[in-house]
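# A structural walkthrough
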Amino acid sequence: MRANVGDHLIVHGKVVGQRDRIGEIIEIRGENGAPPFVVRFADGHEQLVFPGPDAVVQPAGSA
């Protein structure tokens, strides 16, 4: 998984009824765009994320 600052990280809900979490990647701590990422979620919470198989990167500007 590779990303750039400004891309969005989408973490899919793991159980029925759980919403996806979407956040903006604000910092990349790995080499060459690799995880871990610092992500700012819609509620303003920032978190260091090591994405698993339930996460995808959406490039900035695509919708």
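That block above? That's the structure.
This structure is a prediction, so every number in the text was calculated from the model and none was measured. (Residues numbered from 1 in each chain as written. Predicted model: local features only at pLDDT ≥ 70, side-chain atom pairs only at ≥ 80, totals over all residues. Heavy atoms only, no water.)

### A closer look at the environment of Ile10
Basically, it comes down to this: Comment: elements are numbered from the N terminus, with helices defined as DSSP H or I runs of at least four residues and strands as E runs of at least two. In this analysis, two residues are considered to be in contact whenever any of their non-hydrogen atoms come within 4.5 Å of each other.
Relative to the elements of secondary structure, Ile10 occurs in strand E1 (residues 8-11). Along the backbone, Ile10 and Ala55 are 45 residues apart, and their C-alpha atoms lie at a distance of 5.5 Å. Apart from residues no more than four positions distant in its own chain, Ile10 is found in contact with Asp20, Arg21, Ile22, Asp54, Ala55, Val56 and Gln58.

### Structural notes on the pairing of strand E2 (residues 21-28)
Threshold: Strand pairing follows a simple DSSP-based rule, namely that at least 2 bridges must link the two strands.
Looking at chain direction, E1 and E2 are connected through four bridges and run antiparallel. Residue pairing across strands places Val11 opposite Arg21, the latter belonging to E2. With five bridges joining them, E2 and strand E3 (residues 37-41) adopt antiparallel strand pairing. In the sheet register, Ile28 faces E3, and the bridge partner there is Phe37.

### Points about the sheet that holds E2
Put simply, the rule reads: The axes are straight lines fitted to the C-alpha atoms, using for helices just the contacting stretch, and the angles between their N-to-C directions are given from 0 to 180°.
On the basis of which strands lie adjacent, the open sheet formed by five strands has the order E4-E3-E2-E1-E5 and antiparallel pairing. Looking at strand neighbours, the two that pair on one side only are strand E4 (46-49) and strand E5 (55-58), the edges of this open sheet. The sheet shows a mean angle of 35° between the axes of neighbouring strands, taken without regard to direction.

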